[in-house]
Amino acid sequence: MSILGSFARLPVQISCRTINLPQSLSCYGFLVNVRSFNRSSQYLSESPNKDYVVSKVYLNRNPRNLEKLRLARKRLGWQFQAPRKDYYHRLVFSRSNRHTEAWIEHWSGEVVVSASSKEWAIRNQLYSCTDVSASTSVGKVLAQRCLESGITCFYFDQSQVDMNAEKVQSFLQELTSAHISLFEPCMIVPRFTPGINYDGYNRYAEPKVWKEDYQDI
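Here, residues in each chain are numbered from 1, in the same order as that chain's written sequence. Confidence filtering applies because this is a predicted model: local features only for residues at pLDDT of at least 70, side-chain atom pairs given and counted only at 80 or more, and all residues used for totals across whole chains, interfaces and linings. The side-chain quantities take in all heavy atoms of the structure and omit both hydrogens and water.

Q: What should I look at first to understand the pairing of strand E5 (residues 111-116) in this one?
A: A regular strand carries its side chains on alternate faces of the sheet. By the convention used here, strands pair only if DSSP detects at least 2 bridges between them. A run of H or I in DSSP counts as a helix once it spans at least four residues, and a run of E counts as a strand once it spans at least two, with each numbered from the N terminus. Pairing of strand E4 (residues 100-106) with E5, which is carried by 5 bridges, proceeds in the antiparallel orientation. Note that in E5 the partner of Trp103 across the bridge is Ser114. The antiparallel pairing of E4 with E5 creates a hairpin that spans 4 residues between the two strands, and Gly109 there sits at a positive phi of about 100 degrees.

Okay, structure coming up:
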C-alpha cells in the first residue's frame, strides 16, 4: 500500500468547494489562505489583457530556424566534389606545429563557434598546445560552446583528417560524449504538386484578398 494512500484526508472548505488534503500536511503547519484564491480570480477578471487575442501570424527571427527544422535548402550537386558543400554546419579540426584549433563553419563561409589553444584561458591550463591533452581540452570547450549555441549536429568530413590519430580520436570523443552528432539529418524535400491550389492552406493564416469575380459590372 502506498504512503499517500495511508494518509487520512481532511476536508477543507474553500469557496463552497471541498478539497481533500493529506493529514501529514497539517503536521507541518500547512494553512490554506482563502483570500489568495479569491484575489487571483479577481485579478484575472480585472486584467487589462483579458481582451487580447493571440495573433495567428508568428514571425520567428531565429536565422537558423529553417535549418533546425531541416526545411532550408542545402547546396546540392556537390556530392562528388571535395570539399563537400551540401551541409548547414561543418566541423573543421586543424593542427599545426604550435597550436590546435577547431571551429564550426556555416555553409556561407562564416565561423559560428570556435575554440583554439591560442586562447589564454585554454592555453594557461595546458602543458603543450599540440599534444593529446590539448586536443581533448579544445574538443571539450567546443562541445560546451556548441550546446550553448543550440548546435547539436553538424557535418564532419573524415577524409580531411587521419581518423587513426590519437589526437583526432580524443577530440571527437569529447564531442560525442556531449551527445553531439557528427552527421546532419537529411533535408526534407516537399512533394511537388503541379498547378496552383487556391483553396488550400494559407501559410500566413490571413484572409483571402481576392474576390470570386473581379469583373464587377
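Once the structure has been displayed, the description carries forward.
Q: What is the right way to read the sheet that holds E5 from this model?
A: Within a sheet, adjacent strands bond to each other through the backbone by hydrogen bonds, running parallel or antiparallel. Spatial ordering of the open sheet is given by E5-E4-E3-E6, a layout of 4 strands whose pairing is mixed. Looking along the sheet, the strands with just one partner apiece sit at the ends: E5 and strand E6 (155-156). Two strands pair when backbone bridges link them, and strand E3 (residues 89-95) and E6 are joined in this way by 2 bridges, in the parallel orientation. By the bridge assignment, Arg90 is partnered in E6 with Tyr155.

Q: Even after reading the chapter, I still don't get the environment of Ser96, so can you show me in this structure?
A: Tracing the sequence through the fold places Ser96 in the loop between E3 and E4. Working definition: with a 1.4 Å probe on protein chains only, accessible area under 20% of the residue-type maximum means buried, over 50% means exposed, and in between means partly exposed. Judged by its relative accessible area of 41%, Ser96 is partly exposed. Sequence separation between Ser96 and Thr130 is 34 residues, and the spatial gap between their C-alpha atoms is 7.5 Å.

Q: What's the story with the confidence of the model for the chain in this structure? I'm lost.
A: Interpretation of this model should avoid reading the predicted coordinates in detail wherever pLDDT is low. Confidence of the predictor in every single residue is expressed as pLDDT, which spans 0 to 100. Summary statistics for the chain give a mean pLDDT of 77 and a share of 69% for residues scoring 70 or more. Contact between two residues is taken to exist if any of their heavy atoms lie within 4.5 Å; hydrogens are not considered. Note that pLDDT drops below 50 for residues 1-19; the model gives that stretch 30 contacts with residues more than four away or on any other chain. Contacts for the low-pLDDT stretch residues 23-34, under 50 throughout, to residues beyond four places or in other chains number 12 contacts.

Q: Before we go on, may I ask you to explain the side chain of Ser135 in this structure?
A: Within the secondary structure, Ser135 is located in helix H6 (residues 132-149). Overall, Ser135 belongs to the buried group, its relative accessible area being 0%. Apart from the residues lying within four places of it in its own chain, the contact partners of Ser135 are Phe93, Thr100, Lys167, Ser170 and Phe171.

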